[in-house]
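Report on the structure
The chain contents come next:
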Amino acid sequence: GWADSAECDYYGELNLYGLQELLFKHVVLDGEVFVKKCVVNNSKYPLKLQVLSCDRLDTSRFSDGAVAGIEFDEHGHRKAYWFLSEPQQTAKRESVRVPASDVIHIFKKDFSEQVRGIPWFSSVIMRLKDFDEYEDAELLKQKMAACFVGFYRDIESLGEDAFSDGEYQKELIPGSILKAPSGQTIEFANPPQSQSYSSYAEGAKLTCATGLGVPYMLLSGDYSKTNYSSSRSAMHPFHRYVSSIQQNIVITKLRTVETWLREQFSLLGYSCDESLIWSGPPREFVDPLKDIEANREAVKAGFRSHKSVVRELGEDPDDVYEEIKEERKRLHAMGLWKEGN
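Scope of this entry: the structure provided in the associated data block. No experiment lies behind these values; they were computed from the predicted model shown.

Turning next to the overall build of the protein chain. When helices and strands are counted, the protein chain shows eight helices and nine strands. Expressed as a percentage of the 341 residues in the protein chain, the buried residues total 28%. Within the protein chain, counting contacts between residues at least 6 apart in sequence, those at least 24 apart form 53% of the total. Accessible area for the protein chain stands at about 23100 Å²; split by element, carbon and sulfur atoms hold 54% of it.

So, in structure tokens, the structure goes:
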């Protein structure tokens, strides 16, 4: 009930799975996110999880043993975090000290002694900016090329506007007919045509995909140059990369939630022997028949457990087994199932 309902959210908006999705978005975009333990005594479930963005960390705090809002002990272990009390950008904002035991700091650690996270787009952000500007320039060029404009010019006679500094229309509107000054002409620049947009766009997307660790076909949505073998070979290392992130960044950090739950059960006078088990989102099969057959043979040979296969499909093994049991019991009662089938 606690994980499936919005009771676990401090703001009462998301369940535990929605909170996990939210915090991982912060990890990708901001490089890090904080989960703070809150206890609300007048609630059905006292334990609440508050997701705090990195903007709430008081990075100006360099006193009381804190360095950029994080307090360490003599061994380099985190003692506390200093969070701004209000998320709004107000002139007077005070920071509050929160013990490290009540905070989960989630970020991808890329090097030793790293204290805070780095946005995942930092390695490709300049390339994305250049690509965005290049696309804007190409779009502007195409708009100008689409402006079919006619000019009416009086060449033989010099009218009274021949040498005047009057204001003339400087904006080109498709289909318009403009009047040029008498005895004068208008020339347009003829910039060289760029014929390499497609190759540049493909190269820019490939660079960004490599920097983010995402297959090019997923980032660009372009599957024209892939086939069954190439897409399968690209997805296997990507799945390993995703599994590594799930286990080492998200699940490992969120194990602390289990400790917080046990503490709350203990305070309420209940014993809790259950453990939190995470099942990742289901993976779509590239070739369902071959993939299912491979999993079946791996379980049969003892190379992996049946539960691990079920979790890989995004399901809870205990729930699946219970559903199968109830289903077969019902079919047997209806005469549609016999043992050994």
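Bringing the sheet that holds strand β2 (residues 47–52) into the picture now. If you trace the three strands from one edge of the open sheet to the other, you get β2-β1-β7, paired in antiparallel fashion. Whereas interior strands pair on both sides, the edge strands pair on one side only; in this sheet they are β2 and β7 (103–107). Each strand axis lies, on average, 20° off the axis of its neighbour in the sheet, ignoring direction. Strands β1 (32–39), β2 and β7 of the sheet are contacted by helix α1 (residues 16–30), whose axis makes an angle of about 145° with β1. Sitting on the sheet, helix α5 (residues 228–267) touches β1, β2 and β7, and the angle it makes with β7 is about 170°.

Let us now look at the packing of aromatic side chains. Describing an aromatic ring pair means giving the distance of the ring centres and the angle of the ring planes. Under the definition given, this model contains seven aromatic pairs. Centre to centre, the rings of F131 and Y200 are 6.2 Å apart; their planes meet at 40°, and the pair counts as tilted. Of this pair, F131 sits in helix α2 (residues 125–145) while Y200 sits in helix α3 (residues 197–212), and the two are 69 residues apart along the sequence. Residue Y200 is classed as partly exposed on the basis of its relative accessible area, which comes to 30%. A connected cluster of aromatic rings, assembled from ring pairs, spans F34, Y81 and F83.

Cut-off values and rules
Residues numbered from 1 in each chain as written. Predicted model: local features only at pLDDT ≥ 70, side-chain atom pairs only at ≥ 80, totals over all residues. Heavy atoms only, no water. Helix = DSSP H or I, 4+ residues; strand = E, 2+ residues; numbered from the N terminus. Buried < 20%, exposed > 50% of the residue type's maximum accessible area, 1.4 Å probe, protein only. Contact = heavy atoms within 4.5 Å. Areas by Shrake-Rupley, 256 points an atom, 1.4 Å probe, with all protein chains shown as cover. Pairing = 2+ DSSP bridges. Axes fitted to C-alpha atoms, helices over the stretch in contact; angles between N-to-C directions. Phe/Tyr/Trp six-rings, centres within 6.5 Å; stacked < 30°, edge-to-face > 60°.

Honestly, that's just the spatial picture; any functional story needs more than this.
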